[in-house]
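# Structural overview
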Amino acid sequence: MAHNLVIVESPAKAKTIQKYLGKDFKILASYGHVRDLLPKEGAVDPEHHFAMRYELVEKNKKHVAEIIAAMKKAEALYLATDPDREGEAISWHVYEILLEKKVLKKKPVHRIAFHQITSAAIEEALTHPRAISMDLVNAQQARRALDYLVGFNLSPVLWRKVRHGLSAGRVQSPALRLIVEREEEIEKFVSQEYWDVIADVAAQKQAFTAKLITFAGEKQEQFSITNGERAEEVKQTLLKAAKGKLLVAKVEKKQRKRNPAAPFITSTLQQEAARKLGLNVQRTMRIAQQLYEGIELDSGSVGLITYMRTDSVNLAKEAIEEIRTLIADRYGKENVPEEARAYKTRAKNAQEAHEAIRPTSALRIPEEVKSFLSPEQFKLYELIWKRTVSSQMISATIDTVTADLQAGKEHVFRANGSVITDPGFMRVYLEGMDDKPDDSADERILPPLNEGDYVTLNDLQCNQHFTEPPPRYSEATLIKALEEFGIGRPSTYASIVYTLQNREYVGLENKRFRPTDMGRIVSKFLQQHFTRYVDYGFTAQLEDELDAISRGEKEWVPLLGEFWSPFKLQVDEVLETVKRRDVRQEVLEEQCPLCGKPLVIRLGKRDRFIGCTGYPECTYTRSLTEDKEQAAADATNNQLEDRDCPDCGHKLAMKSGRFGKFIGCSNYPKCKHIESLQKPAETGVECPECHQGKILKRRSRKGKIFYSCSRYPDCTYALWNEPVAQSCPKCAWPLMTIKQTKKRGTELVCPRETCKFSKPMEEEKKE
């Protein structure tokens, strides 16, 4: 019988640790958090020193029961949850439950923490147990209470003033503000035209290019040439001055060093995995968790990387020594720097006791464990291994050459080039970049050039350019911005990104975040009425104060009090003074072309649109993207004078909707009669039910394509899939349909449910 009970968070971790500890230890998993705040108002009580009411997490009740039963038989308890605030809180909750169930009695309770799941790390933790850190627990409780107080008080405000079912978060709201402000910056951006002049030159039979930097003695800035006519004038002047050759006036050679990137912390791992592997934040952290908890190798289950939620770039001394030995053996002693590299953590209040994310053993080469890993696990492990090893290698040596080429006395072109003379760490790894500018000219190799030489001018190119707005945030750049502003911490980045998407406040377009209309309205509302709580500085300061609690420098209950009082006053004031219509609509400096009343931007069921304040008497609307002059012209001629509504007798009118223009009743919303302007497409297939009409391709009110009989409503036969004029070989039904699924591909399917005949389209083509 096991004398010691060890509690970890996941079954995978339990399996790995069991191998190291043997039969005297019983390892059980809590499966994450075992208790959480009651999911209703009153779980945090500001009137009684912010007392917190917890309940068991429903899905983990059976695991808690198993822990209680095992504790009755065990002689000692070891709490081995993750080495961060969340892990500390889970250990405390398990301890509190066991205390409440009176199964601990006088049995010893130990808190052990390790940053890698290896035999040595676990043995070290067992020989140096400690008590539960209430500073870390209270920091987690304070964070949870703050998030609860914001969520349960701010969300109802959004329900009443914007739309039911919305929610706001303490950390997610500033993140949303970042995305919305970037989108507004893009929309306000005015593109400017500019031109550059590039010389195509050659020396010693090697072609290269040079950019005009001085014209007529004046330095060329970005907007020195702003149109094609001026560019052509400059070109002709230069051709006359050059006469087919350029003088090498100056050659400058320099040598520079490029240093390796620091080992991974949580945010940089998430960013680099997005850039190089195309993994989103959640996927990255899930795979990293698997690598940390243990992978089944020939020798048994082994944790391949250290703990993946960290903001420290430190490496353990023994790890550095192992890495330096590996570099010498694998890449040569000349690639090992004289002294081990030390990196400084940039994140404020980083937990320096933690290590960076690294392989538990650098000697475990990625290729050697590839067969035990899934493709994604291998890619992420290889990324971590390469980054860690390269961080302890010598700098790369790069020779750069800058050559100034003269055309006459007053015109100068500049050519840049570089060559890597010693790749150093670049043999193993090179960090990716976000939104990298076009600097390919710096990476070209120039031919040997000497001052006083002449090079051949083959041609001059005049290139037109336009300035571009700042790019939208990707997952990598958003996390980088959050880190720079001090918003959130390593363990929260994934949840921030997930929550914004899950609430449909932002969407992904080409892997870039774009705010939805609802996201814009929520962000604007919070900025107008809860300015302090979406302020980047305030959010970062609050994170710093939570860090201070975790270090024992600040009390958590007073912090909650300082936050709660002004926040509650603001919530009450907004509920009382702000009107719903002021939030849901934005007045424009534009009059309705039909009635002359002001137009407003309104929030519809799905998105925003422009409508008249005279509604419902005036039904003028247009989409935000529609040209207002064209829309006004359409509106003044939109009455269909020769047609009355078949339902109520009022005039029919042209309207605009989500799927374009359509015919609708002018008596809307009392009458909701609509007609499509799009003529149904012919399929040429006879209706199998009435044998009189033809099957037509139509669009439903929600925009979905379907197929139905042309004799509707006399014949109501309809299909979702495209019909084919071919009889079913099994039941002889007059038509078949084309159906596409991810699992089975494209098939010919009988539409009758009683038949269920199908065959691949490939077979049909062969026949």
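Residues numbered from 1 in each chain as written. Predicted model: local features only at pLDDT ≥ 70, side-chain atom pairs only at ≥ 80, totals over all residues. Heavy atoms only, no water.

### Quick notes on the sheet that holds strand β20 (residues 585–591)
Strand order across the open sheet formed by 4 strands is β20-β21-β22-β23, with antiparallel pairing between neighbours. The open sheet is flanked by β20 and β23 (621–623), the only strands paired with a single partner. Direction aside, the axes of adjacent strands within the sheet are offset by 30 degrees on average. Relative to strand β22 (residues 608–612), strand β21 (residues 598–603) is paired through 5 bridges, and the arrangement is antiparallel. Note that in β22 the partner of L599 across the bridge is C612. Against the sheet, helix α15 (residues 517–529) touches β20, β21 and β22, its axis set at about 75 degrees to β22. (Pairing = 2+ DSSP bridges. Helix = DSSP H or I, 4+ residues; strand = E, 2+ residues; numbered from the N terminus. Axes fitted to C-alpha atoms, helices over the stretch in contact; angles between N-to-C directions. Contact = heavy atoms within 4.5 Å.)

### Let's talk about the confidence of the model for the protein chain
This prediction gives the protein chain a mean pLDDT of 89; 93% of its residues lie at or above 70. Taken together, the stretch residues 763–767 has pLDDT below 50 and engages in 4 contacts with residues farther than four places along the chain or on a different chain. (pLDDT = per-residue confidence, 0-100.)

### A word on helix α3 (residues 85–100)
Given a rise of 1.5 Å per residue, 16 residues ought to cover 22 Å, and the 22 Å separating the end C-alpha atoms of α3 matches this to within 8%. Residues of α3 that are buried include every one of R85, G87, E88, A89, I90, S91, W92, H93, V94, I97 and L98, and no others. Trailing α3 by a residue or two, K102 shows a phi angle of about 60 degrees, which is positive. (Expected span 1.5 Å × (residues − 1). Buried < 20%, exposed > 50% of the residue type's maximum accessible area, 1.4 Å probe, protein only.)

### What about the pairing of strand β7 (residues 76–79)?
Alternating residues of β7 divide into A76 and Y78 and L77 and L79, and every residue in both groups is buried. Strand direction decides the pairing type here: strand β1 (residues 4–8) and β7, joined by 4 bridges, are parallel. Each bridged residue has a counterpart across the sheet, and for N4 the counterpart in β7 is A76. Here β7 runs beside strand β8 (residues 109–111); their pairing, made up of 3 bridges, is parallel. Bridge pairing in β8 links Y78 to H110.

### Re the packing of helix α9 (residues 281–293) against helix α12 (residues 375–390)
Axis separation between α9 and α12 bottoms out at 10 Å; the angle between their running directions is 85 degrees. The angle between the axes of α9 and α12 places the two elements in the roughly perpendicular class. Touching R283, T284, I287, A288, Q290 and L291 of α9 are E376, Q377, L380 and Y381, all from α12. (Parallel < 35°, antiparallel > 145°, perpendicular 65-115°, else oblique.)

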